[in-house]
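# Topology and contacts: notes
Chain residues, written in single-letter form:
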Amino acid sequence: MNQRNLTLHSSLPKAADDSDSFIDIDRLIAIVIRRAGSVALCVAATVTLAVVYLLFATAQYTSMTQILLDDDIAKYAQDPTPAASAQQVDMQIASAVEILKSNELALRVVDAEKLQDNDTILDPPQSPAALIKSGMKLIVSVLAPGGPPATEDDARNARRQKAAALLQDAVAVSRVNRSSVLAVSFRSTDKLLAARITKAYANAYLNDQLNANFDATESASVWLQQRLADLRERSQQAALDVAKFKTENGLTSANGELMSEQQLADLNKQLIVAQADSASASARYNQFKSIVDLGPDSAVNNAAISSGQTDNTVIQDLRTRYISVNKREQEVTTNFGEDHPQAVALRAEKQDLTRQIYQELQQLTSSYRNEFEVARSREASLRQNIEHLTGKNSEADRSIVQLGDLEQRATALKTLYESYLGKYEEASQQQSFPIAKARVISEAGVPVSPSSPKKTMTLGLAIVLGLMAGGALAAFQEFRERFFRVEGDVRTILGLKFLGYLPLIGKAPREGKLFRPRANPALDPAEAAADSGATFERIMRVVLEAPRSIFAETLRNAKLASDVMFQGKSDRVIGVVSAMPGEGKSTTAANFAALLASSGKRTLLIDADLRNPGLTRMLRTPPQQGLVEAVLGEVPWASAVKVDPVTKLAILPVLPNDHLMHTSELLASQGMFNLMENARKMFDYIVVDLAPLGPVIDAKAFAPQVDGFLFVTEWGSTPTSVVRDLLNAEPQIKSKILGVILNKTDMTELGKFTNFGGTERYRHKYVSYYTEETPKKREPAKAGA
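The paragraphs below set out a description of the structure included in this document. (Residues numbered from 1 in each chain as written. Predicted model: local features only at pLDDT ≥ 70, side-chain atom pairs only at ≥ 80, totals over all residues. Heavy atoms only, no water.)

Okay, the overall build of the protein chain next. When helices and strands are tallied, the protein chain shows 29 helices and 14 strands. In the protein chain, which comprises 785 residues, the share counted as buried stands at 39%. The long-range share in the protein chain, meaning contacts at least 24 apart out of those at least 6 apart in sequence, stands at 83%. Accessible area for the protein chain stands at about 44000 Å²; split by element, carbon and sulfur atoms hold 54% of it. (Helix = DSSP H or I, 4+ residues; strand = E, 2+ residues; numbered from the N terminus. Buried < 20%, exposed > 50% of the residue type's maximum accessible area, 1.4 Å probe, protein only. Contact = heavy atoms within 4.5 Å. Areas by Shrake-Rupley, 256 points an atom, 1.4 Å probe, with all protein chains shown as cover.)

Now for the sheet that holds strand β10 (residues 642–643). Strand order in this open sheet of 8 strands is β7-β14-β13-β8-β12-β9-β11-β10, and the pairing throughout is mixed. Since the sheet does not close on itself, it has two edges, and those belong to β7 (498–503) and β10, each with one partner. Both strand β13 (residues 708–714) and strand β14 (residues 737–745) contribute to a ladder of 6 bridges, which runs parallel. Note that in β14 the partner of Thr713 across the bridge is Leu742. (Pairing = 2+ DSSP bridges.)

With respect to the helices and strands, Thr745 occurs in strand β14. At a separation of 3.1 Å, a polar atom in the side chain of Thr745 contacts the main-chain carbonyl oxygen of Leu742. Ignoring any residue separated from it by four or fewer positions in sequence, one finds Thr745 in contact with Tyr501, Leu502, Pro503, Leu504, Trp715 and Leu750. (Polar contact = N/O pair within 3.5 Å; in protein donor to acceptor, adjacent residues only side chain to side chain.)

Attention now goes to the sheet that holds strand β1 (residues 61–69). On the basis of which strands lie adjacent, the open sheet formed by 4 strands has the order β2-β3-β1-β6 and antiparallel pairing. Every interior strand has two partners, whereas the edge strands, β2 (171–175) and β6 (438–442), have only one. Ignoring which end each strand starts from, the neighbouring axes of this sheet average 30° apart. As paired strands, β1 and β6 are joined by 4 bridges and run antiparallel to one another. The residue of β6 that forms the bridge with Leu69 is Ala438. (Axes fitted to C-alpha atoms, helices over the stretch in contact; angles between N-to-C directions.)

With that out of the way, let us pick up the side chain of Asn743. Counting through the fold element by element, Asn743 comes out in strand β14. A relative accessible area of 5% places Asn743 in the buried class. Separated by 2.8 Å, the side chain of Asn743 and the backbone oxygen of Glu583 make a polar contact. Filtering out sequence-adjacent residues up to four positions away, Asn743 remains in contact with Leu502, Glu583, Gly584, Thr588, Val712, Thr713, Glu714 and Trp715.

Below, the discussion takes up the nonpolar core. One finds Leu604, Ile606, Leu627, Leu675, Ile686 and Phe711 to be the most contacted residues of the largest nonpolar core, which totals 53 residues. Contact partners of Leu627, with chain neighbours within four places excluded, come to Ile606, Asp607, Ala608, Leu610, Leu652, Pro653, Val654, Met672 and Leu675. (Core = buried A, V, L, I, M, F, W, Y, C linked by side-chain atoms within 4.5 Å.)

For helix α18 (residues 585–598), spanning 14 residues, the distance from its first C-alpha to its last is 20 Å, which sits close to the expected 20 Å at 1.5 Å a residue. The element α18 is largely enclosed, with a buried count of 13 among its 14 residues. Gly600 sits one or two residues past α18 and shows a positive phi near 95°. (Expected span 1.5 Å × (residues − 1).)

A few words on helix α3 (residues 86–101). End to end, α3 covers 23 Å across 16 residues, agreeing with the expected 22 Å (1.5 Å per residue, within 8%). When α3 is considered as a whole, its buried residues turn out to be Ile93, Ala96, Val97 and Leu100. The buried side chains of α3 occupy one side of the element, clustering within an arc of 100° when seen end-on. Exposed side chains of α3 directed beyond 90 degrees from the buried face belong to Gln87, Met91 and Glu98. (Arc of directions from axis to C-beta.)

Let's shift gears to a nonpolar patch on the surface. A surface patch of nonpolar side chains, about 350 Å² in accessible area, is lined by Ile25, Leu28, Ile29 and Ile33. Structurally, Ile33 can be placed in helix α1 (residues 25–34). Assessed through its relative accessible area of 41%, Ile33 is described here as partly exposed. (Patch = residues over 30% accessible without salt bridge, like charges linked within 9 Å, V, L, I, M, F, W, Y side chains within 5 Å. Salt bridge = Lys/Arg side-chain N within 4 Å of Asp/Glu carboxyl O.)

What follows deals with the packing of aromatic side chains. Under the criterion given, the structure shown has 1 aromatic pair. Over the aromatic face of Trp715 sits the side chain of Arg485, whose NZ or CZ is 4.6 Å from the ring centroid. (Phe/Tyr/Trp six-rings, centres within 6.5 Å; stacked < 30°, edge-to-face > 60°. Lys NZ or Arg CZ within 6 Å of the ring centre and 35° of its normal.)

Quick look at the pattern of salt bridges now. This structure, assessed with the given rule, holds 23 salt bridges. The residue Arg680 makes a salt bridge to Asp571 at a minimum N-O spacing of 2.6 Å. Here Asp571 lies in the loop between α17 (550–565) and β8 (572–578) and Arg680 lies in helix α23 (residues 670–682), a separation of 109 residues in the sequence. The same class applies to Arg680 and to Asp571, which are both buried. Lys585 is the partner of Asp609 in a salt bridge, and the nearest nitrogen-oxygen pair spans 3.2 Å. Placement of the pair is Asp609 in the loop between β9 (603–607) and α19 (614–617) and Lys585 in helix α18, with a sequence separation of 24 residues. Pair check on accessibility: Asp609 and Lys585 agree, each one buried. Each member of the salt-bridge network shares a partner with another, and the members are Lys569, Asp571, Arg680 and Asp707.

Here is the structure:
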């Protein structure tokens, strides 16, 4: 056998991705287009659910009122309060929201509107989930042991609490933007009831503010009154304790000071004066005493005392007379001598004056001595009095400290009493203040249309959810996309040449038309009528009945590839294989062989799929002998060959044989080798339909006798990893592959799997090249035949 092991392809590098590395817009658009059906299905499902919900949902009506929290309402009746900070304002508004949502306020509304007997509130329409939940509770209550029967008061209180709980669940309170306005809304199936309850909530809140103010001021007044009585009694007792302590300790006071302190101050002043007087008297006494101690002779000379020191004018007169006598004596002595009688008389008179002056000085000295002693005695007496008072004051100081504590306590109690008295009067005035620090600025009206369910929002949300679910489903489908779709997948994943697409038989290249191949007008009708014997089913001759189809063009491309690769070679064995069963390799092999035969080439088609002979089953007349018998030498191989009268294609079928165990050994046997050698001498092309590569090894055993392989894989069905792994595991087969054909391609969906610029996207521009020719009109007689 002329066997060659040729490398029929080269590893093609992957095409550079020119798309944006971050977001490939073209690819996203392609994904959206090809998954539009999934997205539309999800949107339709969600919209259908939304419509069902809108049809069966109970209409809910919402009534709303707005309440303004305004502290300035009471500014003319109350003392102004300092401006609150933003945080305090937020806390006040949050507190008001919680009050409106509270159970206490809900109970007040229930009592005011008598809702404990309202069936609309107590038994509202329930959703299916709520009905199921109620049924389960009923079953549990039946099975559980029952308690004692409830009294009428307990039942009424239970209905009241249930109504309040339902009100709390249906009421909504929110702050309007950053203002001090609260929006209170209530929803119900009865629009009149919704408006009535909303108004009741506003009135209940305002009354709650008034009642809270009244209760607070009343409680404060009662408490302040009790405190005032106690403070008044304690303040009076403290004042009595101060007076009693003063009396017991002799702490009498005048002009705000104690008597002992005033006496001590006066004695200190008197002592200062006495000390000054004693010093002055001592100075005068010592001066006169020193003059007297000098004797009479010196007394006259030292008697020149200023008038401010003494009030005695006698000494001044005596001294004046003495000076006058002394002057006459000097004149007489100077004129008449010392012995002159007048001079002697004047000296005697002068001595008498000296004696008188001395005596007068002695008297003054004695007087000043008495004055000095009196002043000194007075000073000593004052000192004794001061020392006595000082001793008494030291004892009083300790009493004064205690007195200060008593007076401070009495003052504090008096101040506290006055403060509480002012607060009591203020609370008494505010107790009847009839204004709440809130007002309604928007009355609750009767709603004209239901607020729930919102049809537009529900449908819009359903569409959005459908789009999201469709997007998720599309993403999931894309992540699970592991099949061959376009030419680029074959090149990048397998590194093999791509030969083309074989459309799914039964659909035309253009969407919406069934692909029914027309009979080739070039064929003789008599030949067509004589289909018998080895003729194929019509599906095996599509390439002849639709010669200008994409199907035929792809097989021509496969023939061209074989011609290019095997130039100069007279005989060529081409095997047709696939990875998995059911991918259409038998149909491809039959049509490829028919194409070769119709081009004038001597062509033999061998059904070598011994375990599942699909080609043989498509023969209209079952054969009596085939490949196995020829290989085993039971019959000549030429006698087992059948010829299609239409295409002149020679066919070597296989008889089904369930007892044939070693098919791979049969294909690799010497008998098969001899058969192929003989066939090469008689035919230009030998097309062999081999078993799939995945389940059996028949194709691997027959591979040495094949010049080239056509690899057929099903479009959008066969996983790429399966094909890649099978070919990588069999390099001898991969090296001989002429190219890959994608079979059963849905041409209407093909363009959706390629990006912008892909050749598959522009196949609609070539429709005119693939359109079937209109058959010529036939004569009636022939048409009938």
